[in-house]
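Spelled out from the first residue to the last, the chains are:
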Amino acid sequence: MNQGGNMTQNQTWSSESHSSPYRRKQRSLYDAVVKKLCQNTEEDEGFLPYDGLESSLWMVHIPVRYVCALWLCSSARRDLRVIDVEDFHNRKDPIELSVFQTMVSFRVDRVKRILNNWLLDVQDIYYEASRKLLVPLSSEPTNLQSFFNSLAVLMTSQLQEFALFSLRDYTSLISPSSGGAYRHPGFVLHLVLKDNEIRIDPEFRLYEEAFLNVFELILSSAGTVPRVDTFLLPDWVRRQM
């Protein structure tokens, strides 16, 4: 897999990698976990039988593993943040509010491009897996639904991690922990004489709105990414509703 997370021709669906000792160990561990979950099936009706749980989990399934690697093996995705705090740490001069808003807008656009490319890469993995008959067919709605549900859980956890780390970094930038020092050069406040009064421009209210808006942008960046099945198989999804 290259730096961007895309699979090379030689790595795609390699039978050697699927039969490696690591793969067998991973499968053995998976079986042990599933059997542990199912050992009290008769006592607790909330547990699925082993066969049912086995067919509903896709955690070691080849396409799902590649989707997982798409995120973990790409620093652009793994270390993705809405706000790059280093942009502020490396500045020496105070920042105008308009400059701050431009920087945020640029970063949000970059995040959208990266996440959109991520979805396209997931789409490519699905199509390749479908061609190799490694994913359930649309004629198997239960299996196909469980596959997409598992994929959604994985991708949601990755987006949650991105959002939480973005919130953490941004919060530490504008509101350092107790006793900590601000690691940015500050923001510009202009003193303006108007009607015999000295006023601050921009008003503190505008700074507050701009700072709080970043939290909304972080959450919306992660929360507006669609489930992959809604654009991979839109007709099938509509029929399931």
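What you are looking at is a predicted structure, and each value in this text was computed from that prediction instead of being measured.

Student: Explain the overall build of the protein to me, and be specific about the residues and the numbers.
Tutor: Looking only at helices and strands, the protein has 11 helices and 2 strands in total. Listing the helices and strands of the protein from first to last along the sequence gives α-α-α-α-α-α-α-α-β-β-α-α-α. The burial tally for the protein puts 35% of its 241 residues in the buried class. In the protein, 74% of the contacts between residues at least 6 apart in sequence involve partners at least 24 apart. Roughly 14,900 Å² of accessible area belongs to the protein as shown, and the carbon and sulfur atoms make up 54% of that amount.

Student: How would you explain the nonpolar core if you had to name every residue and give the values?
Tutor: Residues Phe 100, Leu 115, Trp 118, Phe 148 and Leu 151 are the most contacted members of the largest nonpolar core, which totals 50 residues. Counting only elements with at least two residues in this core, the list comes to helix H4 (62-72), helix H6 (85-89), helix H7 (97-131), helix H8 (141-174), helix H9 (204-223), helix H10 (228-232) and helix H11 (234-240). Per element, the largest residue contribution to this core is 14 residues, and it comes from H7.

Student: Can you lay out the pairing of strand S1 (residues 190-194) for me, pointing to particular residues and giving the numbers?
Tutor: Note that S1 and strand S2 (residues 197-201) share 5 bridges and pair antiparallel. Note that in S2 the partner of Lys 194 across the bridge is Glu 197. Turn length for the S1-S2 hairpin, with the two strands adjacent in sequence and antiparallel, is 2 residues, and the turn residue Asp 195 shows positive phi of about 55°.

Student: Can you break down empty space enclosed by the protein residue by residue, with the values?
Tutor: According to the stated counting rule, one finds 1 cavity of 30 Å³ or more in the structure shown. Each pocket or cavity is described by its volume, and for the largest cavity that value is around 30 Å³. Lining the largest cavity, in full, are Pro 63, Val 64, Val 67, Val 122, Ile 125, Tyr 126, Val 135, Phe 147 and Leu 151. Counting only elements with at least two residues in the lining of the largest cavity, the list comes to H4, H7 and H8. Within the lining of the largest cavity, the residues separate by chemical class into 9 nonpolar, no polar and no charged.

Student: Before we move on, could you go through a nonpolar patch on the surface and cite the residues and values that matter?
Tutor: Residues Leu 189, Leu 191, Leu 193, Ile 198, Ile 200 and Phe 204 make up a contiguous nonpolar surface patch of about 670 Å² in total accessible area. If you list the elements that add at least two residues to the nonpolar patch, you get S1 and S2. By the secondary structure assignment, Phe 204 is in helix H9. Assessed through its relative accessible area of 54%, Phe 204 is described here as exposed.

Student: Could you give an account of the pattern of salt bridges, with specific residues and numbers?
Tutor: What the rule picks out here adds up to 10 salt bridges. A salt bridge links Glu 128 to Arg 131, with the nearest nitrogen and oxygen atoms 3.2 Å apart. With Glu 128 and Arg 131 both in helix H7, this residue pair falls 3 residues apart, about one helical turn. The class for Arg 131 is exposed, based on a relative accessible area of 58%. Between Asp 169 and Arg 168 there is a salt bridge, and its shortest N-O distance comes to 3.0 Å. In this structure Asp 169 comes out as buried when scored by relative accessible area, which is 15%. We classify Arg 168 as partly exposed; its relative accessible area is 47%. Overlapping salt bridges, with partners in common, bring together Arg 81, Arg 168 and Asp 169 in one network.

Basis of the calculations
Residues numbered from 1 in each chain as written. Predicted model: local features only at pLDDT ≥ 70, side-chain atom pairs only at ≥ 80, totals over all residues. Heavy atoms only, no water. Helix = DSSP H or I, 4+ residues; strand = E, 2+ residues; numbered from the N terminus. Buried < 20%, exposed > 50% of the residue type's maximum accessible area, 1.4 Å probe, protein only. Contact = heavy atoms within 4.5 Å. Areas by Shrake-Rupley, 256 points an atom, 1.4 Å probe, with all protein chains shown as cover. Core = buried A, V, L, I, M, F, W, Y, C linked by side-chain atoms within 4.5 Å. Pairing = 2+ DSSP bridges. 1 Å grid on protein atoms, 1.4 Å probe; cavity = no way out; pocket = protein on both sides within 12 Å on 5 of 7 lines; lining within 4 Å. Points joined across faces, edges and corners; volume = space filled by probe spheres on them. Nonpolar A, V, L, I, M, F, W, Y, C, P; charged D, E, K, R; others polar. Patch = residues over 30% accessible without salt bridge, like charges linked within 9 Å, V, L, I, M, F, W, Y side chains within 5 Å. Salt bridge = Lys/Arg side-chain N within 4 Å of Asp/Glu carboxyl O.

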